[in-house]
Amino acid sequence: MTSIATSPGQPDALATRRAQWRRELLARRKAQSAKERADADGLLDAALGRVLAEIEGVLGFYWPIQEEYDARPVVSRWLAAAAGRQAALPVVVRRAAPLAFRNWTPATPMIAAGFGTSVPVPEDVLVPGSLLIPLVGFDAAGYRLGYGGGYYDRTIAALQPRPHTIGIGYSFCRLDSIDPQSYDLKLDTLIVA
C-alpha cells in the first residue's frame, strides 16, 4: 500500500492541499484496471457483509459516483436477510445543510439528482442509526477526506443520537493524515481493500 505523504501547514493552505489530494486520489481510483477493481471490490463485499451482519435498524448508505465502491448489492442482501431492516439514500436538501435520508429498496423508483447520483422518488425520510460513507481518502486515525462539501460531517454532527459511522474505500487512498480540523469528524469503522 502506497500512501500520499502529508505535511502540517497553515490552515489557510489546507483547502489547497486537500483539493490536490482529491485530484490525485480520484485519478488513482479511475486508473484501476478492471482486475484490480474486481479484486478489491470482492474483498470489500466480504468485509462489508461481515460488518452489516451485526447491524439492525436503519442503514444510510450512498449512490456510487466517480468509481466509488458500489455497496448496493451487499446492502440489498442485508435488507433481505432479516425483517425490520431499512436502507436509506442521502438527499441534498439545500447547500451547506445536513443530508436527509430517503427509504430505499432495490425496487424503489429513482430519479437523477445531479453529480451522477440518484435519489428515491418516495420521500419517506428515515433517520439512520448506522451510516456507510464513501472514502475519497482516509488516514489511520479514522478521519475521512470526502469531496469537499462537508455534507457528511454536518450530517453526523446533526443526527441525534450520533450514528455509527463506517467509511469504505480503497487502500491506495490512504493518506498519512488528512490534517483534521475541528469540523472533521472521526469515523467509527474503516473498511478498506
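Residues numbered from 1 in each chain as written. Predicted model: local features only at pLDDT ≥ 70, side-chain atom pairs only at ≥ 80, totals over all residues. Heavy atoms only, no water.

## Some points on the nonpolar core
Argument step 1. Among the nonpolar cores identified, the biggest contains 46 residues, and L48, Y69, V75 and L132 are the most heavily contacted of them.
Argument step 2. The element best represented in this core is helix α2 (residues 34–52), accounting for 5 residues.
Argument step 3. Contacts of L132, omitting those with residues within four sequence positions, involve L48, L59, G60, F61, Y62, A71, I166 and I168. (Core = buried A, V, L, I, M, F, W, Y, C linked by side-chain atoms within 4.5 Å. Buried < 20%, exposed > 50% of the residue type's maximum accessible area, 1.4 Å probe, protein only. Helix = DSSP H or I, 4+ residues; strand = E, 2+ residues; numbered from the N terminus. Contact = heavy atoms within 4.5 Å.)

## With respect to the layout of surface pockets
Argument step 1. Here the largest pocket defines a volume of roughly 1,100 Å³.
Argument step 2. Together, 37 residues line the largest pocket, and Y147, G148, G149, G150 and Y151 are the ones closest to its centre.
Argument step 3. Top contributing element to the lining of the largest pocket by residue count: helix α1 (residues 11–31), with 5 residues. (1 Å grid on protein atoms, 1.4 Å probe; cavity = no way out; pocket = protein on both sides within 12 Å on 5 of 7 lines; lining within 4 Å. Points joined across faces, edges and corners; volume = space filled by probe spheres on them.)

## Re the packing of α2 against helix α3 (residues 72–81)
Argument step 1. Taken N-terminus to C-terminus, the directions of α2 and α3 make an angle of 30°; their axes are 10 Å apart at the nearest point. One way to sum up the angle between α2 and α3 is to call them roughly parallel. As for how α2 packs across α3, the hand of that crossing is right-handed. Between α2 and α3, the residues in contact are D45, L48, G49 and L52 and V74, V75 and W78, respectively. (Axes fitted to C-alpha atoms, helices over the stretch in contact; angles between N-to-C directions. Parallel < 35°, antiparallel > 145°, perpendicular 65-115°, else oblique. Left-handed = near helix turned anticlockwise from the far one by under 90°.)

## Things to note about the sheet that holds strand β6 (residues 125–126)
Argument step 1. The strand order across the open sheet formed by 7 strands is β6-β3-β2-β1-β7-β10-β11, and the pairing between neighbours is mixed. Of all strands in the sheet, those bounded by a partner on one side alone are β6 and β11 (189–192).
Argument step 2. Where strand β1 (residues 58–60) and strand β2 (residues 86–91) come together, 3 bridges link them in parallel fashion. Bridged to G60 within β2 is A88.
Argument step 3. The sheet contacts of α2 involve β1, β7 (130–134), β10 (164–169) and β11, and relative to β11 the element is tilted by about 155°. (Pairing = 2+ DSSP bridges.)

Nothing here speaks to function; it is all geometry.
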